[in-house]
Amino acid sequence: MKKLRWGVIGAGGIADRRTIPGMMLAENAELVAVMDISEELSESIRQKYGAKRAYTSEEELLKDPEVDVVYIATPIVVHAKQAKLAADYGKHILIEKPLAMTSEEGEEVLRYCAEKGVQIAAGFMMRFGAHVMNMKEAIAQQKIGTVVSGYSQFTLWLPYEPGNWRQCKAKAGGGCMMDMAVHVIDLMEYITGMRVTKVGSFNENVAFSDHPEYDVEDTSTIMMRMENGAQFVVQTNFNIPDEAAKWRLEFFGTKGRLLGDTMIGQVDGGTLNAVFIEKNVAYNATQDHDDDAGVQLEGEFGNMYTREIESFSDSILNGKPLKVPASDAVHVQRIMELAYESTEQMKLFEV
């Protein structure tokens, strides 16, 4: 099988924890080069995964003639610059979300890549989760009827840490909403096939406000109106200990429900409980919930990062449409920008 040759810009962090291990399992991908500003880390990652070369600058890696495409997993503040540089060298791009510091900057990157003739996709790997695919199929088949309500809670424990770029608005663009809600907003639109039409939010620093350097929100609640009038809520936090966290993704409709427990995140797993009602439903004055146990749906679990890499590689090698075009990430970022503005002005905005 022909393999796409990859370079990784920003080889530490999520690249080392998840994406490169997933890449190593992909049948149509080969890791050629890695880059990190730390020479020691770059060489360590090279040895760990058997890459041919290690670099300390993105331009060195992009000059490598054996690199066909790049995966960019650096702080958001340098995403746009690095994506444009990759386009200059004719490298196709898979980039972590958000695409840039603002949606306007993201649109500029999209135009630039189009002009240079390179493909660019966003790192929404959760789309490749088994239960995400189960949810999408069930809703497409109208198994829960008309979707009327959606809810998600997605959290992590991120206390103050000197120098952590995710806690600095100038480097990250935002806090838990920018880092985590971006995934859930995308999933809610992807799974239901509906776009957000109105958005409002509350964003606060509740637990870590005693550190002035921690200038992003650690608590966020987004309220969204969908195309059919359904109402969705997304809650994200940087201040709930992992031991207490409950990651949820839920949809309710006129003929049933889908309750996902720990099915979002970096590992493909969790449970999906479903109620599919095939009888005609009448008003129940007793409200006894006799039949609400539901059934557990099975999932063909795997490595979401491997699926992501294989999908992108297949698109490039065989000229297929991207399954996660970067334009989707820019769209979600626009929603989040309006949500932040809603917090400041205490009003809802049309998307």
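Refer to the structure printed above.
Just so we're clear, the structure is a prediction, and the values are computed from it rather than from any experiment.

Draft legend 1. Main features of the overall build of the chain. What the chain contains, in helices and strands, is ten helices and 15 strands. Relative to its length of 351 residues, the chain is compact, with a C-alpha radius of gyration of 21 Å against a globular reference of 20 Å. Based on the C-alpha atoms only, the size of the chain along its principal axes is roughly 70 × 50 × 40 Å. Out of the 351 residues in the chain, the part that is buried amounts to 52%. In the chain, once contacts between residues fewer than 6 apart in sequence are set aside, the share between residues at least 24 apart is 69%. Summed over all atoms, the accessible surface of the chain reaches about 16000 Å², with 50% contributed by carbon and sulfur. On the chain, the mean spot of the 35 positive side-chain charges and the mean spot of the 52 negative ones are 5 Å from each other.

Draft legend 2. Summary view of unusual backbone geometry. For the bond from lysine 97 to proline 98, the omega torsion is -20°, close enough to zero to count as cis. As for its position among the elements, proline 98 is in the loop between β5 (92-95) and α5 (103-116). For glutamine 142, which is not a glycine, the phi torsion comes out positive at approximately 60°. Within the element layout of this structure, glutamine 142 appears in the loop between α6 (130-140) and β7 (147-155). Located in the positive-phi region is threonine 262, a residue other than glycine, with phi close to 55°. Mapped onto the fold, threonine 262 is located in the loop between β12 (256-261) and β13 (271-276).

Draft legend 3. Structural detail: the pairing of β12. Of the strand pairs in this sheet, strand β11 (residues 248-253) and β12 are connected by six bridges, and their pairing is antiparallel. Pairing of arginine 248 across the sheet is with aspartate 261, part of β12. Linking β11 to β12, which pair antiparallel, is a turn of two residues. For β12 and β13, the ladder comprises six bridges, and the chain directions are antiparallel.

Rules and cut-offs
- Residues numbered from 1 in each chain as written.
- Predicted model: local features only at pLDDT ≥ 70, side-chain atom pairs only at ≥ 80, totals over all residues.
- Heavy atoms only, no water.
- Helix = DSSP H or I, 4+ residues; strand = E, 2+ residues; numbered from the N terminus.
- Rg over C-alpha atoms; globule rule 2.2 N^0.38 Å.
- Buried < 20%, exposed > 50% of the residue type's maximum accessible area, 1.4 Å probe, protein only.
- Contact = heavy atoms within 4.5 Å.
- Areas by Shrake-Rupley, 256 points an atom, 1.4 Å probe, with all protein chains shown as cover.
- Lys, Arg positive; Asp, Glu negative; His and termini not counted.
- Charge placed at Lys NZ, Arg CZ, Asp CG, Glu CD.
- Pairing = 2+ DSSP bridges.

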